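Listed here are the chains, written in short residue letters.
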Amino acid sequence: MPDPATLYGLLGIVLAGLGVHAAIVQRDSIRRLLAINVMGVGVFLVLIATAYFGPDQDPDPIPHALVLTGIVVAVAATALALALLRAFERSEDE
Amino acid sequence: MTPGALLYLDLLMMGLMLVLAVGALYARSLRHAVILFIVFGLVVALVWARLRAPDIALAEAAIGSGLAGALLLAALRDRRRGAESAPRSPAWQVVAVGAVVAGLVLLLAWAFLDLQGERANGPLADTVRANLDVSGVSNPVTAVLLNFRAYDTLLELTVLLAALLGVMSLGPQRPPMDAAEPMAAGLIGWLIPLLIVAGSYLLWVGAHAPGGAFQAGALLAAAAVLADLGGRREFRLPGQTWLRLLAVAGCAVFTLVGLAALIGSGVLLQLPPDWAGSLILLIELFATASIASALFLVYLGGHPPSWNSREGHPDA
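What you see is a predicted model, and the numbers here were worked out from it, not measured in a lab.

**Q** Can you walk me through the overall build of chain B in this structure?
**A** Secondary structure assignment for chain B yields eleven helices and zero strands. Along chain B, helices and strands appear, N-terminal first, in the series α-α-α-α-α-α-α-α-α-α-α. Seen through its C-alpha atoms, chain B measures out along the principal axes to roughly 65 × 60 × 40 Å. Long-range pairs, those at least 24 residues apart, make up 72% of the contacts in chain B with a sequence separation of at least 6.

**Q** Looking at this model, I keep getting lost on the overall build of chain A. Mind explaining?
**A** Counting its regular elements, chain A contains three helices and zero strands. Secondary structure elements of chain A occur, N-terminal to C-terminal, as α-α-α. Taken over C-alpha atoms, the radius of gyration comes to 17 Å for chain A, far larger than the 12 Å a tight globule of 94 residues would show. Over its C-alpha atoms, taken along the principal directions, chain A stretches across nearly 60 × 25 × 10 Å. The 94 residues of chain A split such that 67% are buried. Partitioning the intrachain contacts of chain A with sequence separation of at least 6 by distance along the chain shows that 50% fall at a separation of at least 24.

**Q** So what exactly am I meant to see when it comes to the interface of chain A and chain B here?
**A** Where interface size is quoted, it is often the accessible area lost as the parts come together. Counting from both sides, the interface comprises 58 residues of chain A and, opposite them, 71 residues of chain B. Elements with a minimum of two residues in the side of chain A that touches chain B: helix 1 (4–25), helix 2 (29–50) and helix 3 (61–93) of chain A. Here the side of chain A that touches chain B gets 23 residues from one element, more than from any other, and that element is helix 3 of chain A. Class assignment for the residues of the side of chain A that touches chain B results in 43 nonpolar, nine polar and six charged.

**Q** Any chance you could explain helix 1 (residues 3–26) of chain B here in plain terms?
**A** Each turn of an α-helix holds 3.6 residues, which means side chains three or four residues apart point in the same direction. Taking 1.5 Å per residue as the helical rise, helix 1 of chain B with its 24 residues ought to reach 34 Å, and the 34 Å between its terminal C-alpha atoms agrees with that figure. Within the span of helix 1 of chain B, buried status applies to M14, M17, L20, A21, A24 and L25 of chain B. On the buried face of helix 1 of chain B, the contacting elements are helix 1 and helix 2 of chain A together with helix 2 (30–50) of chain B.

**Q** Looking at this structure, I do not really get unusual backbone geometry. What am I missing?
**A** Residue and element names in this part refer to chain B. Backbone geometry at R52 places phi at a positive 60 degrees, although glycine is not the residue there. Tracing the sequence through the fold places R52 in the loop between helix 2 and helix 3 (54–78). Phi is positive for L269, close to 65 degrees, though the residue is something other than glycine. We classify L269 as buried; it has 22 C-beta atoms within 10 Å.

**Q** I would appreciate a short explanation of the nonpolar core in the present structure.
**A** Proteins that are soluble and globular tend to have nonpolar side chains buried together. Among the nonpolar cores identified, the biggest contains 133 residues, and I48 of chain A together with L67, A218 and A221 of chain B are the most heavily contacted of them. For this core, the element with the highest residue contribution is helix 11 (residues 276–300) of chain B, accounting for 15 residues. Look past the residues within four positions of I48 of chain A in its chain and what remains in contact with it is P63 and V67 of chain A together with W48, L51, A53 and I56 of chain B.

**Q** Looking at this model, I keep getting lost on the packing of helix 2 of chain B against helix 3 of chain B. Mind explaining?
**A** Packed helix pairs are specified by the crossing angle of their axes together with the interaxial distance, meaning the distance between the axes. Residues and elements named next belong to chain B. Where helix 2 contacts helix 3, the axes come no closer than 7 Å and their chain directions differ by 175 degrees. Between helix 2 and helix 3, the angle is such that the two are roughly antiparallel. In contact with L30, R31, V34, F37, I38, G41, L42, V44, A45, W48 and A49 of helix 2, helix 3 contributes P54, I56, A57, E60, A61, G64, S65, A68, G69, L72, L73 and L76. For the contact of helix 2 with helix 3, a count of residues per class yields 17 nonpolar, four polar and two charged.

**Q** Hey, could you run me through the packing of helix 3 of chain A against helix 7 (residues 150–169) of chain B in this one?
**A** Interaxial distance between helix 3 of chain A and helix 7 of chain B falls to 9 Å at its minimum, and their mutual angle equals 10 degrees. Of the possible angle classes, the one that applies to helix 3 of chain A and helix 7 of chain B is roughly parallel. In this structure, helix 3 of chain A crosses over helix 7 of chain B, and the sense of that crossing is left-handed. Contact residues: helix 3 of chain A offers T69, V72, V73, A76, A77, A79, L80 and A83 of chain A, while helix 7 of chain B offers D152, T153, E156, V159, L160, A163, G166 and V167 of chain B. Residues belonging to the contact of helix 3 of chain A with helix 7 of chain B are distributed by class as follows: eleven nonpolar, three polar and two charged.

Cut-offs applied
- Residues numbered from 1 in each chain as written.
- Chains lettered and ligands numbered in written order.
- Predicted model: local features only at pLDDT ≥ 70, side-chain atom pairs only at ≥ 80, totals over all residues.
- Helix = DSSP H or I, 4+ residues; strand = E, 2+ residues; numbered from the N terminus.
- Contact = placed C-beta atoms within 7 Å.
- Rg over C-alpha atoms; globule rule 2.2 N^0.38 Å.
- Buried ≥ 20, exposed ≤ 12 C-beta atoms within 10 Å, placed from the backbone.
- Nonpolar A, V, L, I, M, F, W, Y, C, P; charged D, E, K, R; others polar.
- Expected span 1.5 Å × (residues − 1).
- Core = buried A, V, L, I, M, F, W, Y, C linked by C-beta atoms within 7 Å.
- Axes fitted to C-alpha atoms, helices over the stretch in contact; angles between N-to-C directions.
- Parallel < 35°, antiparallel > 145°, perpendicular 65-115°, else oblique.
- Left-handed = near helix turned anticlockwise from the far one by under 90°.

Okay, here's the thing in structure tokens:
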């Protein structure tokens, strides 16, 4: 039976790849933001998968702290990007 | 649960994640894409719980899925022009980029599998466990965040503050929402006290179980966002000036504690073991208030309307 850490890690890589693809191919800015966020989740998944050592052993807390920080930074960056977009579209309308 | 059943659950969640991610990235309607992204975030939270990362599961559900979703939906509503107006990339580009990205994914997968062979619980994890009893808390993730790597968390709060400053300098807030319909308003009236209780509990329990300042702050911010969405101004949120002061308070108290530790022990942010538990609770209390108000102000999307009257008169 395949190790769940390996399976989820590989899924994380695929998700990051999908995010990169959509970030390049999509033209709409909000879609690109979504793509970057999916990319981030992929990276987080790889990190948490490497911290998982099966149901009997405690996971490594350091990647967990890193990802927790990452989630907050990601949402802060998303909010700033959305505000920039709004200001940009407002200036285009004028 | 037997290992076989767990494998099916894993495959089910992985399949769901893939389908939802593809939907969020390529759905024809942008609104559908955003909603699928929110659902994706909730499934990701389940996966974090599955991989024994309950702290992250809580943060993902509240911040990664909840607040990011609210931000994205608000941004969609701001758009007056058709969301589909952006031109689509030609098919050959989609395929060419796909081929390059597929190569990249295969390369990364090979590197990942290569590393998996020799992977073990790193020496850093052992260091954390060996020193847990001097950290003042018994939840290893909280110990790393607020003691061993407090510097990172202080900078993280600063990043949040910087993002807030950016958002506030870019334009005015959105106008307040209309009052919600009776059903929604009733539901919001029930949810807000629950969120406040749950947030306070998470803040307290973070010392020895999953939880902590970020999850608690996110829940409190969610309560404020809900109040705003329902147009319930009678909840008497703190005034805008108070919110801004609270948003800075987390960084300020954290820095002051760090400086006091510098004077006491000669090392910045080196908490004395006897006091560490209380100091962490103090930092987390202000960090929670800070994160909650920063996230809510970021959701409001700009500076308060009263600032507009001062525009053009920088001295006023």
